[in-house]
Amino acid sequence: MQTQGAVTWRSWWDGDPAAPGRISEQWGVAMYPTLCVLDHNGVVRYRVVGLEDERALERTLTELLKEAEAAGRAP
């Protein structure tokens, strides 16, 4: 099945909540979708379960990109 647009970030799926895989268990994923955004140091800075608030996500990404640029770690 093909969806519109391409995912341009790292993403994974290792099972459903009824039979979670190892990564889901380690990250405490109890429902899909679960979105975790890590900063340039690998620290989870944003996490939402269910449908995300697009404005909050955009604000978070903008802030994290500015921090990464200031640290010289921008993609």
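This text goes with the structure placed above it.
Described below are features of the structure shown in this document. (Residues numbered from 1 in each chain as written. Predicted model: local features only at pLDDT ≥ 70, side-chain atom pairs only at ≥ 80, totals over all residues. Heavy atoms only, no water.)

**Quick notes on the pairing of strand β1 (residues 34-38)**
Here's step 1: Summarising the sheet, β1 and strand β2 (residues 44-49) pair through five bridges and their orientation is antiparallel. Looking across to β2, one finds that Leu38 is bridged to Val44.
Here's step 2: The hairpin turn running from β1 into β2, its antiparallel successor, is five residues long, and Gly42 in that turn takes a positive phi close to 85°. (Pairing = 2+ DSSP bridges. Helix = DSSP H or I, 4+ residues; strand = E, 2+ residues; numbered from the N terminus.)

**Structural notes on the pattern of salt bridges**
Here's step 1: Counted by the stated rule, this structure contains three salt bridges.
Here's step 2: Between Asp39 and Arg45 there is a salt bridge, and its shortest N-O distance comes to 3.1 Å.
Here's step 3: For Asp39, a relative accessible area of 11% puts it in the buried group.
Here's step 4: For Arg45, a relative accessible area of 35% puts it in the partly exposed group.
Here's step 5: Between Arg45 and Glu67 there is a salt bridge, with its nearest N and O atoms 2.9 Å apart. Of this pair, Arg45 sits in strand β2 while Glu67 sits in helix α2 (residues 54-70), and the two are 22 residues apart along the sequence.
Here's step 6: Given a relative accessible area of 28%, Glu67 falls into the partly exposed group.
Here's step 7: Overlapping salt bridges bring together Asp39, Arg45, Glu63 and Glu67 as one network. (Salt bridge = Lys/Arg side-chain N within 4 Å of Asp/Glu carboxyl O. Buried < 20%, exposed > 50% of the residue type's maximum accessible area, 1.4 Å probe, protein only.)

**Some words on the side chain of Ser24**
Here's step 1: In this structure, Ser24 sits in helix α1 (residues 22-27).
Here's step 2: Leave out the neighbours within four places in its chain, and Ser24 touches Trp12, Asp14, Val29 and Tyr32. (Contact = heavy atoms within 4.5 Å.)

**Details of a negative patch on the surface**
Here's step 1: Taken together, the side chains of Glu52, Asp53, Glu54 and Glu58 make up a negatively charged region of the molecular surface.
Here's step 2: Within the secondary structure layout, Glu58 lies in helix α2. (Patch = residues over 30% accessible without salt bridge, like charges linked within 9 Å, V, L, I, M, F, W, Y side chains within 5 Å. Areas by Shrake-Rupley, 256 points an atom, 1.4 Å probe, with all protein chains shown as cover. Lys, Arg positive; Asp, Glu negative; His and termini not counted. Charge placed at Lys NZ, Arg CZ, Asp CG, Glu CD.)

**A few points about the nonpolar core**
Here's step 1: Judged by nonpolar contacts, Val37, Tyr46, Val48, Ala56, Leu57 and Leu64 together constitute the single largest core of six residues.
Here's step 2: Looking at this core, the elements that each hand over two or more residues are β2 and α2.
Here's step 3: Among the elements that take part in this core, α2 stands out by supplying three residues, more than any other.
Here's step 4: Setting aside anything within four residues of it in sequence, one finds Val48 in contact with Pro33, Thr34 and Leu35. (Core = buried A, V, L, I, M, F, W, Y, C linked by side-chain atoms within 4.5 Å.)

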